[in-house]
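# Observations on chain architecture
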Amino acid sequence: MMSRLKVMPDNPPRRPQAEALKPPPETTAAPAKIETRDLSFFYGENQVLFDVSMTIRERAVTALIGPSGCGKSTFLRTINRMNDIIEGTRLTGHVSLEGIDIYAKQVDVVALRNRVGMVFQKSNPFPKSIFENVAYGPKIAGERKKKVLAEIVQRSLKRAALWEEVKDRLNDSALALSGGQQQRLCIARALATDPDVLLMDEPASALDPASTAKIEDLIFELKENYTIVIVTHNMQQASRISDQTAFFYEGRLIEMEPTTALFTKPREQRTEDYITGRFG
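Residues numbered from 1 in each chain as written. Predicted model: local features only at pLDDT ≥ 70, side-chain atom pairs only at ≥ 80, totals over all residues. Heavy atoms only, no water.

## With respect to the sheet that holds strand β6 (residues 116-119)
With mixed pairing, the 6 strands of this open sheet are ordered in space as β6-β7-β8-β3-β9-β10. Both edges of this open sheet fall to β6 and β10 (252-258), since each of them pairs with a single strand only. In this sheet, adjacent strand axes meet at a mean angle of 15° when their direction is disregarded. Helix α7 (residues 179-191) contacts β6 and β7 (197-201) of the sheet and is inclined by roughly 170° relative to β6. (Pairing = 2+ DSSP bridges. Helix = DSSP H or I, 4+ residues; strand = E, 2+ residues; numbered from the N terminus. Axes fitted to C-alpha atoms, helices over the stretch in contact; angles between N-to-C directions. Contact = heavy atoms within 4.5 Å.)

What follows is the structure, given as structure tokens:
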């Protein structure tokens, strides 16, 4: 693991090379990877999440579903503190990764985001070569050895099921790739920092059916080694790829169940109405 979640001293004289903070033994033994408790989120005075409590299991795919504007993407971004960069936002409640409060003031946010990678709705490769896109994260983390970087790039592209398609043109611009290839490149870039968790915000919504199928196959393979949380509007996609599904409505978590149970026997009427197309 290249980067682990780190907790810094309250008043460090300089940025230290802190050792990884290890969760207590009882947390290590628990099946939970991520937990939120009474999580609320505000854009200025506008509250968009209300008391969300959720447990996300390790090495499983958790799908977040719900109509547009219900808070799914905002919730996703609380898991790696991407909302921190938006001025005027605030959060109450708790978000923990393996028992560690990721909003504690001592947490190294850079290390957190290395450990919790993210893939966005629209592929966003850098205007650099394929190689430099994947090597970017490890370089930022301080890796300079060309041999090590080459190994990381190859391993990450293989994990993203892209190596065979690009291995002979690593120095070509990433912008020359197809849309589906660019999205898999962004997945490889996220994997290059060796994360534990991979967040995906509608990663296939802009792709054609063939590229979507490749992304879904990739997600199914990746869950053997990663905890994956995915936002999707596609009910069929959620049912195909996820192990558990959470339904959001108007900023509230209405129901979270194993995917088969939620789609066949939802407990809440609003859940049934959404997944059967009565609204959304």
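Read on for the rest.
## Structural notes on the sheet that holds strand β1 (residues 32-43)
A sheet is described by the order of its strands in space; here 4 strands give the open sequence β2-β1-β4-β5, paired in antiparallel fashion. What marks the edges here is a single partner per strand, and that holds for β2 (46-57) and β5 (100-101). Across 8 bridges, β1 lies against β2 in antiparallel orientation. Considered in β2, the bridge of Phe42 is made with Gln47.

## Looking at the nonpolar core
Membership of the largest hydrophobic core comes to 44 residues, with the highest contact counts inside it found for Leu157, Ile187 and Leu198. No other element matches α7, which puts 5 residues into this core. Not counting residues up to four positions away in its chain, the partners in contact with Leu198 are Gly117, Met118, Val119, Ile187, Ala190, Leu191, Leu222, Thr227, Ile228 and Val229. Counting residues in hydrophobic clusters, the runner-up holds 28 residues, among them Leu76, Leu112, Val229 and Ala246. (Core = buried A, V, L, I, M, F, W, Y, C linked by side-chain atoms within 4.5 Å. Buried < 20%, exposed > 50% of the residue type's maximum accessible area, 1.4 Å probe, protein only.)

## Remarks on the pairing of β6
Alternating positions in β6 separate into two faces, Val116 and Met118 on one and Gly117 and Val119 on the other, with burial throughout. Pairing of β6 with β7, which is carried by 4 bridges, proceeds in the parallel orientation. Note that in β7 the partner of Met118 across the bridge is Leu199.

## Things to note about the packing of aromatic side chains
Both the distance between ring centres and the angle between the ring planes are used here to describe each pair of aromatic rings. Under the criterion given, the structure shown has 7 aromatic pairs. Centroid distance Phe247 to Tyr274: 5.2 Å. Interplanar angle 25°. Geometry classified as stacked. Of this pair, Phe247 sits in strand β9 (residues 244-249) while Tyr274 is found in helix α11 (residues 269-275), placing the two residues 27 residues apart along the sequence. Residue Phe247 shares its accessibility class with Tyr274, and that shared class is buried. Within the aromatic cluster, the residues linked to one another by ring pairs are Phe247, Tyr249, Tyr274 and Phe279. Sitting above the plane of the Phe42 ring, Arg90 keeps its charged end 3.9 Å from the centroid. Across the ring face of Phe50, the terminal group of Arg252 is positioned such that the distance to the ring centre comes to 4.3 Å. (Phe/Tyr/Trp six-rings, centres within 6.5 Å; stacked < 30°, edge-to-face > 60°. Lys NZ or Arg CZ within 6 Å of the ring centre and 35° of its normal.)

## A closer look at helix α4 (residues 130-140)
Residue pairs spaced three or four apart in an α-helix point in one direction, given the helix's 3.6 residues per turn. Regarding α4, the residues found buried are Ile130, Phe131, Asn133, Val134, Ala135, Gly137 and Pro138. In this structure, the buried side of α4 is in contact with α5 (146-159), α6 (163-166) and α7. With its phi angle positive at about 110°, Gly142 sits one or two positions after the end of α4.

## Overview of the pattern of salt bridges
Per the counting criterion, the structure on display carries 16 salt bridges. The partner of Glu132 in a salt bridge is Lys139, and the shortest N-O contact between them spans 2.8 Å. Here Lys167 and Glu164 are joined by a salt bridge, their closest N and O atoms 2.9 Å apart. Glu164 gets classed as exposed once you look at its relative accessible area, which sits at 58%. Beyond isolated ion pairs, a larger network of salt bridges with shared partners links Lys33, Glu58, Glu98, Arg115 and Asp196. (Salt bridge = Lys/Arg side-chain N within 4 Å of Asp/Glu carboxyl O.)

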